[in-house]
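# Commentary on secondary and tertiary structure
Letter by letter, the chains look like this.
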Amino acid sequence: MGIFLLTFLAVTLGLCKLPTDLNWKSILGVGLLAGIGFTMSIFVTLLAFDNETIINNSKLVILISSLTAGVLGFIMLKVTLKTEKVS
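Calculation criteria
Residues numbered from 1 in each chain as written. Predicted model: local features only at pLDDT ≥ 70, side-chain atom pairs only at ≥ 80, totals over all residues. Heavy atoms only, no water. Helix = DSSP H or I, 4+ residues; strand = E, 2+ residues; numbered from the N terminus. Rg over C-alpha atoms; globule rule 2.2 N^0.38 Å. Contact = heavy atoms within 4.5 Å. Areas by Shrake-Rupley, 256 points an atom, 1.4 Å probe, with all protein chains shown as cover. Lys, Arg positive; Asp, Glu negative; His and termini not counted. Charge placed at Lys NZ, Arg CZ, Asp CG, Glu CD. Buried < 20%, exposed > 50% of the residue type's maximum accessible area, 1.4 Å probe, protein only. Polar contact = N/O pair within 3.5 Å; in protein donor to acceptor, adjacent residues only side chain to side chain. Phe/Tyr/Trp six-rings, centres within 6.5 Å; stacked < 30°, edge-to-face > 60°. Patch = residues over 30% accessible without salt bridge, like charges linked within 9 Å, V, L, I, M, F, W, Y side chains within 5 Å. Salt bridge = Lys/Arg side-chain N within 4 Å of Asp/Glu carboxyl O. Expected span 1.5 Å × (residues − 1).

This part is about the overall build of the chain. Counting its regular elements, the chain contains four helices and zero strands. In the chain, the succession of α and β elements from N to C terminus is α-α-α-α. Here the C-alpha radius of gyration of the chain, 17 Å, is well above what a compact globule of 87 residues would show, namely 12 Å. Viewed in the frame of its principal axes, the chain has a C-alpha envelope of about 55 × 40 × 15 Å. Intrachain contacts of the chain at a sequence separation of at least 6 include 60% that bridge at least 24 residues. About 6,900 Å² of surface is accessible on the chain, with carbon and sulfur atoms providing 70% of the total. Charge separation in the chain, taken as the distance between the mean sites of 6 positive and 4 negative side-chain charges, equals 18 Å.

Here is the structure:
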């Protein structure tokens, strides 16, 4: 959500322009794909907790969330982006 919201804010404030070949659905798809980055979440979990059960549950939720973000981002970009036909 951060990538989408900050991009929207920057375009709304006139700090930048959205390229003509992109639309907001594409930006949302990229924002969803950014949710895959789970390495730091696991690192912070290992530092924050001592209980093995909490650590394992956190890892499972982080991996499920990353998988969900990847699948949703892929579907959004697959639907949104046009494919060029090679002749």
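There is more to say after this.
Another aspect to go through is the side chain of Thr80. Structurally, Thr80 can be placed in helix H4 (residues 52-80). Classification of Thr80 as buried rests on a relative accessible area of 16%. Within the structure, Thr80 has its side chain in polar contact with the backbone oxygen of Met76 (distance 2.6 Å). Those residues in contact with Thr80, other than ones at most four positions away along the chain, are Asn23, Lys25 and Ser26.

Applying the stated criterion across every chain, the model contains two aromatic pairs. On the basis of an interplanar angle of 80° and a centroid distance of 5.8 Å, the ring pair of Phe4 and Trp24 is categorised as edge-to-face. One end of the pair, Phe4, is in helix H1 (residues 2-12); the other, Trp24, is in helix H2 (residues 24-33), with 20 residues separating them in the sequence. Trp24 sits in the partly exposed class, given a relative accessible area of 29%. When the centroid spacing of 5.5 Å and the interplanar angle of 65° are considered together, the rings of Phe8 and Trp24 count as edge-to-face. Of this pair, Phe8 sits in helix H1 while Trp24 sits in helix H2, placing them 16 residues apart in sequence.

For the rest of this paragraph, the subject is a nonpolar patch on the surface. A cluster of nonpolar side chains, Leu67, Val71, Phe74, Ile75 and Val79, forms an exposed patch at the surface whose accessible area comes to about 530 Å². Examined against the element boundaries, Leu67 turns out to sit in helix H4. Overall, the relative accessible area of 58% leaves Leu67 in the exposed class.

Let us now look at H4. Helix length check: H4, at 29 residues, gives a terminal C-alpha distance of 42 Å against a target of 42 Å (1.5 Å per residue), a fit within 8%. Three or more residues of H4 are buried, namely Ile55, Ser58, Ile62, Ser66, Ala69, Gly70, Gly73, Leu77 and Thr80. Packing partners of the buried residues in H4 comprise H2 and helix H3 (39-48).

Geometric descriptors of this kind do not, in isolation, establish any biological role.
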